[in-house]
Amino acid sequence: LTITGVYGKIKRHLYYYVHCEICSKDTELFPNGIIARATEVLAGSNPCACADKPRYTPDQWLVIAQRRSPDNIKILGYTEDFHGNTTFLKRECCVHGVINPIQIKSLHYNSCKLCADTLRRHDFQFIESSCRDHCLANNYEFIGFLNGYNNVHSKFTYRCLLHGLKQSSYSKLGSRCR
């Protein structure tokens, strides 16, 4: 970390421009360079993203939120005044339009529920086909999901030539009849 110049005073505090070998390369996150309070720099604290708990500006949080979002989700801005990682973000799905806001701290759950539901519904054909292929490869007769398909733990029924009717689930597909 190197001090490269004086930024100026804000209220009573002196600020410096600093250079970090890693973070200074990220011009999207730090478009104006890294600015830090003189007392923090002189005390040896790290004002950039390399710190244990970096302090980001509201604009930097928007950049981070967009980077953490899936490709089909666009971050439009804040729904309220910024007040830390509990601030809600306005989001838009490229397929379904504007979706429910999410807190910055919950970005790891950032997806469109409608897209996830659609994907889950389309996956049934793949899952049923995989179960049929497993039964065929092991000389079983695939009967089907008698109670309907809800998730990967839903039971499908098959007939084993040695043991008769058996049940398994997609999540246990690699196991054999016993």
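Our subject is the structure listed above.
Let me begin by describing the structure that accompanies this report. As the structure is a computational prediction, the values presented were derived from the model and not from experiment. (Residues numbered from 1 in each chain as written. Predicted model: local features only at pLDDT ≥ 70, side-chain atom pairs only at ≥ 80, totals over all residues. Heavy atoms only, no water.)

### Details of the pairing of strand 5 (residues 88-93)
Convention followed: Each residue gets one of three labels from its accessible area relative to the maximum for its type: buried under 20%, exposed over 50%, partly exposed in between, using a 1.4 Å probe on protein chains only. Numbering of helices and strands runs from the N terminus; a helix is a DSSP stretch of H or I covering at least four residues, while a strand is a stretch of E covering at least two. A pair of strands is treated as paired once DSSP finds two or more bridges between them.
Across the two faces of strand 5 the burial differs, with Leu89, Arg91 and Cys93 buried and Phe88, Lys90 and Glu92 not buried at all. Pairing analysis gives 5 bridges linking strand 4 (residues 73-78) to strand 5, with the strands arranged antiparallel. Bridge pairing in strand 5 places Ile75 opposite Arg91. Where strand 5 lies against strand 6 (residues 97-103), 5 bridges are found, and the strand directions are antiparallel. Each bridged residue has a counterpart across the sheet, and for Leu89 the counterpart in strand 6 is Ile102. Count of turn residues in the strand 5/strand 6 antiparallel hairpin: 3 residues.

### As for the pairing of strand 2 (residues 13-19)
Sheet topology places strand 1 (residues 2-10) next to strand 2; 7 bridges connect them, and they run antiparallel. Bridge assignment links Thr2 to a residue of strand 2, and that residue is His19. Connecting strand 1 to the next strand, strand 2, in antiparallel fashion are 2 residues, including Lys11 with a positive phi near 55°.

### Re helix 2 (residues 58-68)
The line we're drawing: Pairs of residues are marked as contacts when any of their non-hydrogen atoms sit within 4.5 Å.
By the burial criterion, the buried members of helix 2 are Gln60, Trp61, Val63, Ile64 and Ala65. Close packing links the buried residues of helix 2 with strand 4 and strand 5.

### Things to note about the state of the cysteines
Stated precisely, the cut-off is as follows: Here, the term disulfide refers to a pair of cysteine sulfur atoms separated by no more than 2.5 Å.
Summed over the entire model, instances satisfying the criterion amount to 0 disulfides. Cys50 supplies the cysteine sulfur nearest to Cys23, a cysteine that is in no disulfide, at a spacing of 3.5 Å.

### Description of a nonpolar patch on the surface
So the rule is basically this: For patch detection, residues must exceed 30% relative accessible area and be free of salt bridges, and they are connected within 9 Å for like charges or within 5 Å for nonpolar side chains (Val, Leu, Ile, Met, Phe, Trp, Tyr). Note that accessible areas follow from Shrake-Rupley with a 1.4 Å probe, and for residues the cover is restricted to the protein chains shown. Salt bridge, as used here: a side-chain nitrogen of Lys or Arg that lies within 4 Å of a carboxyl oxygen of Asp or Glu.
Together, Tyr7, Ile10, Tyr17 and Ile35 line one region of the surface with nonpolar side chains, adding up to about 330 Å² of accessible area. Turning to its location among the elements, Tyr17 is positioned in strand 2.

### A closer look at unusual backbone geometry
One non-glycine residue, Lys11, lies in the positive phi region at around 55°. Tracing the sequence through the fold places Lys11 in the loop between strand 1 and strand 2. For Asn139, which is not glycine, the phi torsion reads 60° and is therefore positive. Looking at where Asn139 falls in the secondary structure, it is placed in the loop between helix 3 (113-137) and strand 7 (140-144).

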